[in-house]
Amino acid sequence: MTFQVWGWRREDASQVLAWVPDAEGRRRGVLTRRSLATKDPTAVERANLLNMAKLSIKGLIESALSFGRTLDSDYPPLQQFFVVMEHCLKHGLKVRKSFLSYNKTIWGPLELVEKLYPEAEEIGASVRDLPGLKTPLGRARAWLRLALMQKKMADYLRCLIIQRDLLSEFYEYHALMMEEEGAVIVGLLVGLNVIDANLCVKGEDLDSQVGVIDFSMYLKNEEDIGNKERNVQIAAILDQKNYVEELNRQLNSTVSSLHSRVDSLEKSNTKLIEELAIAKNNIIKLQEENHQLRSENKLILMKTQQHLEVTKVDVETELQTYKHSRQGLDEMYNEARRQLRDESQLRQDVENELAVQVSMKHEIELAMKLLEKDIHEKQDTLIGLRQQLEEVKAINIEMYQKLQGSEDDLKEKNEIIARLEEKTNKITAAMRQLEQRLQQAEKAQMEAEDEDEKYLQECLSKSDSLQKQISQKEKQLVQLETDLKIEKEWRQTLQEDLQKEKDALSHLRNETQQIISLKKEFLNLQDENQQLKKIYHEQEQALQELGNKLSESKLKIEDIKEANKALQGLVWLKDKEATHCKLCEKEFSLSKRKHHCRNCGEIFCNACSDNELPLPSSPKPVRVCDSCHALLIQRCSSNLP
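Computed from a prediction, not measured in an experiment: that's the story for all the values here.

Asker: Honestly, the overall build of the protein in this entry has me stumped. Any pointers?
Answerer: Counting its secondary structure elements, the protein contains 14 helices and eight strands. Taking all 641 residues of the protein together, the buried fraction comes to 34%. For the protein, the proportion of contacts with a sequence separation of at least 24, taken over those separated by at least 6, is 67%. Within the structure as shown, the protein displays about 41,700 Å² of accessible surface, and the carbon and sulfur contribution to it stands at 51%.

Rendered as structure tokens:
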């Protein structure tokens, strides 16, 4: 008996399908009459839709498990399930006004699932790409079929029910999806994850299908329900269903924890990558600064070398000029010696001539003795000056040789400069003494001239020869005066040369101070360079440690992914499908019974599965095969510190 139901309400009758317990305690689906005037009609509609959803889901699971293979789109219980789900989703829909007509479809709320559950974007994109679908209702029917094939219909609708604020745009407040009945139906849909369906959506005409519920599938006889073998099968199937649900929950929990770990590892990886980029930038900056410092050091060294070369050239030129001046002075000294020798010879001649006139020449002899003493003193001073000049020459030669040496001889040069200053002071003192003696000699000469004039006046009458001799002596005195003037000029030139040497020495001292400051700067730059090298090596070590940590985190992620793949690939094998043990491949018989491994779900003999271990699904020890036993023990040992 079939009839079309729309909203589970009829205008000419009040018949409602309900579950009624019989005498044996079993439930049967019968039609009962109720008075709908006493209850809210929308609540009755929700209860009827909930009962039909329970019937269709239970019947689909039982028939699919007894069918024993994947379901096609032509399977009648599957078609009735989609019709019931369509009626449940249509209950309480708001009518939306469009430009041409009124629109009332379930495609609008199903599109919200893409925003709430990102994994549902693939279903929405594939539904929109189907060429044969033209209406929103056809797209909604295709979406339900694809969600069933993915075994995620319960997850998608659960996300939709939680968001009541968004659903209120599409449903009335009394709709089934807005009340508790919708949550119950979503909970029942979890059992459909046991079913494998292979539905071809492209070839079907989903736009023009009529949603009619066939109640004859749910009206059953007592003989069919009382079959014990079927009850045993159903109980076994329900046990397997519970086991699969527990496995799904465990897998979901492990997957969520793995996702959280992967997210944390990715965040740490991004942080490490940012730190690596910052460290690389710092290293590049330090390298650039190091190159700049090296270039500056090279420039400073070039400048110092140029300054040293210039100073060496200046010193060489000054030494050459000093040598030329010393040669001129030596020539002057030689001429003075010759003149002194001539004077000594002339004096001896004068003494021999004046010895005849003893009485008149005593005073002249005394004056001549004084003059001779002065001359001898001058000769001694000249000899001392010559020795000092020779010492100065030797010192200048040593200075020239030391300037050609290294920078370490600067100290010795300073000492030599001090000696030169002392000697120059001595020379100046000797020159002052010479000046005093020359003044005394001039006074003596003046007195001698006066005496000579007196003597000449007295001796004019006596001899003309003496006048000639006196004139010659006057000429000699004039020559001596010119010699003294020449000596004064020479002393002035010596003083000028000494001042020049002092200026050159002060310039050299300034340059030595500059060189010492440059050396200090160079040592500071070397220390900074060494510090930068240390920082560079430390950052390289930190980068190596970060790389090691990254490799370890990547290995951990790969291990977690492999464990997740292994967990997702587990399937509870049916008793009918296994005829031999998976490990030893021995055939099962009455004596060699079948045993399930609670970890992988495969079937083994007693000898190959005689192990017990606690699993995440059950804290108590359960049966585990030999391979799973070894794998679990290895994981536990690797997780231990």
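Asker: Mind showing me how you'd approach the side chain of Arg46 here?
Answerer: One can find Arg46 in helix α1 (residues 41-67). Note on Arg46: relative accessible area 10%, which makes it buried. Discounting chain neighbours no more than four positions away, the residues touching Arg46 are His91, His174, Ala175, Leu176, Glu179 and Glu181.

Asker: What's the story with helix α5 (residues 136-150) in this structure? I'm lost.
Answerer: For an α-helix, the turn length of 3.6 residues means that residues three or four places apart are oriented alike. An ideal rise of 1.5 Å per residue puts 21 Å on 15 residues; α5 measures up with 21 Å between its terminal C-alpha atoms. Burial analysis of α5 places 11 of its 15 residues in the buried class, the great majority of the element. Among the residues of α5, those classed as buried are Leu137, Gly138, Ala140, Arg141, Ala142, Trp143, Leu144, Arg145, Leu146, Ala147 and Leu148. Buried positions along α5 lie against α2 (76-90), α3 (107-116), α4 (121-129) and α6 (153-162). Just downstream of α5, Lys151 is the residue with a positive phi angle, here 60 degrees.

Asker: Any chance you could explain the pairing of strand β8 (residues 621-624) here in plain terms?
Answerer: The side chains of a regular strand alternate, first on one face of the sheet and then on the other. Relative to β8, strand β7 (residues 611-614) is paired through four bridges, and the arrangement is antiparallel. In the strand pairing of β8, Pro614 is matched with Pro621. The hairpin turn running from β7 into β8, its antiparallel successor, is six residues long.

Asker: Got a minute to help me understand empty space enclosed by the protein in this structure?
Answerer: Over the atoms, a rolling probe the size of a water molecule traces out where space has been left empty. Per the counting criterion, the structure on display carries nine cavities of 30 Å³ or more. Space inside the largest cavity adds up to approximately 120 Å³. Along its surface, the largest cavity is lined by 13 residues, and Arg326, Leu389, Ile427, Leu494 and Leu498 are the ones closest to its centre. Mapped by element, the contributors of at least two residues to the lining of the largest cavity are α10 (228-354), α11 (358-404), α12 (410-459) and α13 (464-568). When the residues that make up the lining of the largest cavity are grouped by side-chain class, the tally is nine nonpolar, two polar and two charged. There is about 100 Å³ of room inside the second largest cavity. Lining the second largest cavity, in full, are Tyr333, Leu382, Leu385, Met431, Leu434, Glu435, Leu438, Leu484, Glu487, Lys488, Trp490 and Arg491. Those elements that provide at least two residues to the lining of the second largest cavity are α11, α12 and α13. No other element matches the five residues that α13 contributes to the lining of the second largest cavity. Taken together, the residues of the lining of the second largest cavity sort by class into eight nonpolar, no polar and four charged.

Asker: Please clarify how the pattern of salt bridges should be interpreted in this entry.
Answerer: Proximity of charged atoms lets side chains of opposite charge pair with each other. Evaluation of the coordinates by the stated rule reveals nine salt bridges. The partner of Lys90 in a salt bridge is Glu86, and the shortest N-O contact between them spans 3.0 Å. With Lys90 and Glu86 both in helix α2 and four residues apart, the pair spans about one turn of that helix. The partner of Lys151 in a salt bridge is Asp196, and the shortest N-O contact between them spans 2.6 Å. One end of the pair, Lys151, is in the loop between α5 and α6; the other, Asp196, is in the loop between α8 (180-188) and α9 (222-225), and 45 residues separate them in sequence. Classification of Lys151 as partly exposed rests on a relative accessible area of 31%.

Asker: Would you mind going over the packing of α3 against α6 with me for this structure?
Answerer: The geometry of a pair of packed helices is captured by two quantities: the angle between their axes and the separation between those axes. Contact pair α3 / α6: the axes reach a minimum separation of 9 Å and the direction vectors enclose 95 degrees. One way to sum up the angle between α3 and α6 is to call them roughly perpendicular. From α3, Pro109, Leu110, Leu112, Val113 and Leu116 reach across to α6, where they touch Tyr156, Leu157, Cys159 and Leu160. Of the residues belonging to the contact of α3 with α6, the class tally is nine nonpolar, no polar and no charged.

Asker: It is not clear to me how the UniProt feature "coiled-coil region" (unreviewed entry) in the protein should be interpreted in this structure. Could you clarify?
Answerer: Mapped onto this structure's residue numbering, the UniProt feature "coiled-coil region" (unreviewed entry) falls at residues 262-296 and 333-563. As a span, residues 262-296 carries 100% helix and 0% strand, and end to end its C-alpha atoms are 50 Å apart.

Asker: When you look at the nonpolar core in this model, what are you seeing that I'm missing?
Answerer: One recurring pattern in soluble globular proteins is that nonpolar side chains are buried together. Counting 62 residues, the largest nonpolar core has Leu78, Phe81, Trp143, Met153, Tyr171, Leu189 and Leu192 as its most contacted members. For this core, the elements supplying multiple residues, two or more each, are α1, α2, α3, α4, α5, α6 and α8. For this core, the leading source of residues is α1, giving 10 residues. Dropping the residues within four chain positions of it, Leu78 is found in contact with Leu60, Leu71, Asp72, Leu148 and Leu199.

Asker: Where do I start with the packing of aromatic side chains in this structure?
Answerer: How two aromatic rings sit relative to each other is set out by the distance from centre to centre and by the angle between their planes. Using the criterion set out here, one finds three aromatic pairs in the structure. With a centroid separation of 5.6 Å and 55 degrees between ring planes, the pair formed by Phe81 and Phe82 is classed as tilted. Phe82 shares its class with Phe81; the two are buried. A centroid spacing of 5.8 Å and a plane angle of 45 degrees characterise the contact between Trp143 and Tyr156, whose relative ring orientation is tilted. In this pair, Trp143 is assigned in helix α5 and Tyr156 in helix α6, connecting sequence segments 13 residues apart.

Asker: What should I look at first to understand a negative patch on the surface in this one?
Answerer: Judged by side-chain charge, Glu447, Asp450, Glu451, Glu453 and Glu474 come together as a negatively charged surface patch. Among the elements that make up the negative patch, the one with the highest residue count is α12 (four residues). Here Glu453 shows up in helix α12.

Asker: Which parts of the structure should I look at to understand unusual backbone geometry?
Answerer: Among all residues except glycine, the phi angle is most often negative; among peptide bonds, the trans geometry is most common. At Lys151, a residue that is not glycine, the phi angle is positive and equals roughly 60 degrees. If you check the backbone angles, Glu585 has positive phi at about 60 degrees while not being a glycine. Structurally, the position occupied by Glu585 is in the loop between α13 and β5 (595-596). Since its relative accessible area comes to 59%, Glu585 is described here as exposed.

Asker: Is there a simple way to explain the environment of Lys500 in this structure?
Answerer: Here Lys500 shows up in helix α13. When its relative accessible area of 59% is taken as the criterion, Lys500 is described as exposed. Along the backbone, Lys500 and Glu318 are 182 residues apart, and their C-alpha atoms lie at a distance of 9.1 Å.

Rules of the game
Residues numbered from 1 in each chain as written. Predicted model: local features only at pLDDT ≥ 70, side-chain atom pairs only at ≥ 80, totals over all residues. Heavy atoms only, no water. Helix = DSSP H or I, 4+ residues; strand = E, 2+ residues; numbered from the N terminus. Buried < 20%, exposed > 50% of the residue type's maximum accessible area, 1.4 Å probe, protein only. Contact = heavy atoms within 4.5 Å. Areas by Shrake-Rupley, 256 points an atom, 1.4 Å probe, with all protein chains shown as cover. Expected span 1.5 Å × (residues − 1). Pairing = 2+ DSSP bridges. 1 Å grid on protein atoms, 1.4 Å probe; cavity = no way out; pocket = protein on both sides within 12 Å on 5 of 7 lines; lining within 4 Å. Points joined across faces, edges and corners; volume = space filled by probe spheres on them. Nonpolar A, V, L, I, M, F, W, Y, C, P; charged D, E, K, R; others polar. Salt bridge = Lys/Arg side-chain N within 4 Å of Asp/Glu carboxyl O. Axes fitted to C-alpha atoms, helices over the stretch in contact; angles between N-to-C directions. Parallel < 35°, antiparallel > 145°, perpendicular 65-115°, else oblique. UniProt positions renumbered as here; feature names shortened; annotations may be inferred. Core = buried A, V, L, I, M, F, W, Y, C linked by side-chain atoms within 4.5 Å. Phe/Tyr/Trp six-rings, centres within 6.5 Å; stacked < 30°, edge-to-face > 60°. Patch = residues over 30% accessible without salt bridge, like charges linked within 9 Å, V, L, I, M, F, W, Y side chains within 5 Å. Lys, Arg positive; Asp, Glu negative; His and termini not counted. Charge placed at Lys NZ, Arg CZ, Asp CG, Glu CD.

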